[in-house]
Amino acid sequence: MREAMQISQENSRTADVALLPLNGFGEGEKSEQAGQQFKVGRVLLQRLRRICSVVVKGSAHEHVGMWYAGLVAGKLAAEVMYYYAGTLPSEFFRVLGDRNLPAFASLLGRCVVVVGLAGSCKAVLEYVGGLIGVSMRQELTRYTHARYLRAPNFYSVATSGTIDNPDQRTTQDIERLTRSGADVLAELLIAPFLIAYYTVQCWKMAGIYGPLAIYIYFGIGAAATRLAMAPIIRQVYIQEQAEGDFRFHHVRTGECAESIAFIAGEDRERAAADRALKAVTGAQRRVLGKQFWLGLLTQVFAYMGSTVSYVIIGVPIFMGSYDDKSGAELSSIISLNAFVSIYLIYRFTSVIELTKRLADVAGYATRVAQLWEELDRLDVEAEADDADSGVSIRDSAVIVARGLDVCTPGGVRLVTELDLEIGVGDSLVITGPNGAGKTALLRTLCGLWRPGGGEVQLAHTNGAPDVLFLPQAPYIIGGSLREQLCYPGLWGGRHAMCFNADIVRILATVGLSHVVDIVGTSNLDYPYTVQAWLRLLSPGERQMMSIARVLFWRPKFVMLDECTSALDACAAEALYRAILDAGITVVSVSHSAHLERFHKRRLSLDGSGGYTLDDVR
Ligand SMILES: Nc1ncnc2c1ncn2[C@@H]1O[C@H](COP(=O)(O)OP(=O)(O)OP(=O)(O)O)[C@@H](O)[C@H]1O
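Here the structure is a predicted model, which is why all the values come from computation and not from measurement.

Thresholds, definitions, all that
Residues numbered from 1 in each chain as written. Predicted model: local features only at pLDDT ≥ 70, side-chain atom pairs only at ≥ 80, totals over all residues. Heavy atoms only, no water. Near = heavy atom within 4 Å. Polar contact = N/O pair within 3.5 Å; in protein donor to acceptor, adjacent residues only side chain to side chain. Areas by Shrake-Rupley, 256 points an atom, 1.4 Å probe, with all protein chains shown as cover. Helix = DSSP H or I, 4+ residues; strand = E, 2+ residues; numbered from the N terminus. Nonpolar A, V, L, I, M, F, W, Y, C, P; charged D, E, K, R; others polar. Phe/Tyr/Trp six-rings, centres within 6.5 Å; stacked < 30°, edge-to-face > 60°. Lys NZ or Arg CZ within 6 Å of the ring centre and 35° of its normal. Buried < 20%, exposed > 50% of the residue type's maximum accessible area, 1.4 Å probe, protein only. Pairing = 2+ DSSP bridges.

(A) Representation of the site of the ligand. Around the ligand, 15 residues are found, and the nearest of them are Asn434, Gly435, Lys438, Thr439 and Ala440. In this structure, an oxygen atom belonging to the ligand sits 2.9 Å away from a main-chain N or O atom of Gly435. Contact between the ligand and Ala440: an oxygen atom at 2.8 Å from a main-chain N or O atom of the residue. Alone, the ligand offers 640 Å² of accessible surface; in the complex the protein occludes 72% of this. Here the shell around the ligand gets four residues from one element, more than from any other, and that element is helix H11 (residues 438-446). Residues belonging to the shell around the ligand are distributed by class as follows: six nonpolar, six polar and three charged.

(B) Representation of the packing of aromatic side chains in the model. One pass over the structure, following the stated rule, counts 13 aromatic pairs. Sitting over the face of the ring of Tyr82, Lys122 holds its NZ or CZ atom 5.2 Å from the ring centroid. Its end group placed over the ring of Tyr237, Arg367 keeps NZ or CZ at 5.1 Å from the ring centre.

(C) Here's a closer look at the pairing of strand E6 (residues 428-431). Of the two faces of E6, the one carrying Leu428 and Ile430 and the one carrying Val429 and Thr431 are both buried. The pairing of E6 with strand E15 (residues 601-605) spans four bridges and is parallel. The partner of Ile430 across the bridge, within E15, is Leu603.

Now the structure itself:
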């Protein structure tokens, strides 16, 4: 077993950070918990039931549940037609044996109609099944979006690493789950009815021992395939994880293309991409390897099935049950008997074959359900936090920290017992060596990280936080210039009301008038792609855009985490002046001494948990 690599214990600060191996699951990991995850049993059934209930409950609009029930009913009705079509050969044997031309012609006509209808039915059912799969995907993805893309779940899942590739689980795994899941489930639902019907027919023709032989045969096959299925679920899970890592590598290198090109890192990236590809193809080969044994079982089972059917037919013939029949009648009986028993075996075989597809479905279902379970856990944690977090949401125009311990999510203490009060107009600059916990303090004040102790009170207006947080890396979206400026569109309980004149004025204030000129004042709502925006705005201009958002929303407080680091001193000072002129109180993390004069006080973290608070002269 490959252990998660622990970072050196020398630095107690980072002792809680466990670096997972690149392909996070760890080859050959066989913990008790991992074993439970991939068992075909209660946990899997609960997960599948939950997925079904999300589809059915969430489909008030689209009636997916009803459509699905209709599909299953349609499949059953189509089976009646298939049965009818299946009995026609036996009639052919009879009319051909009797050399009855008029009966043959009429039978031929019936046959064309029935077989044509059966084929059309199959095509329609496939089409409807495909549409239902799409609706199911929509429901499951919407549910996942609603649970995942909201505070605090999104930040926790995206940054904690407890769940690998949540993006892939949301996009690809749900799609695959619904594409094959809907079909597999429908087949499993109709199987019992068909098996019951064909059992009765088989019994009528071959006596009790006919269906009995088939049931024993099925029992042996089912037990063998159940054993072969569990390792496939686990391998599909691992393969999906490797696919996610591979895709993430390409997305990340695409995003950082310029940094990589400047430092000539293409060779290293190619090697890393090849490694990720090797992990994916290795996982694919392992899935194929495990599926081989299941495939072998199901194929042998299917082919042996037809042999069993001859035994079932042969026994009553050799026992003399049909001695009184003419040659033509006997041919007809053999044909009908063969159809019924082979169909019954075929039904059982399809159930066994379905287990192969079910193993894939179970792998996808496990990945999707795990994400939901983590979101459940975070919801429970958030509820408990609301009661016990020390983060107050009373309306107030002051940010307060009392006896605040700033700790990493792993519990490493970065700042100890901080007492701080920031009122309106009381701008504060936070300084300190790298890694001292300056950003960590902002995260804790904003509620992204839970305080290790003490309490925090954020400024609130009308029940909504009145503090805007700007991280070091500005976030640029795809959309129109108006949307870019008004991002996120709804903030602090307010919807963006952004007039053209505001856009022109604010962008002029931050030094981005030329962006308005390029876009054109008549084109402020024209949607541009993210790539277009990233080409248009330099890193410094992206920081200007970020600060333009502050001037648009005009919060009471803004926390700026080195967000003028890409600007020249003159531009950075002009932006600070504009923010203060707008009556916004600034809490900055900064390494730039020339910006300190825009603040009243300085909080200096010493990097060992201590701090000093003094006035800026
Ligand atoms: N998500 C995280 N989980 C665990 N530890 C973290 C996490 N993010 C940061 N840390 C740890 O917290 C410490 C402080 O990080 P922080 O970003 O607050 O430093 P900083 O003072 O802002 O540094 P800099 O001046 O370099 O930006 C770091 O040593 C880092 O290891």
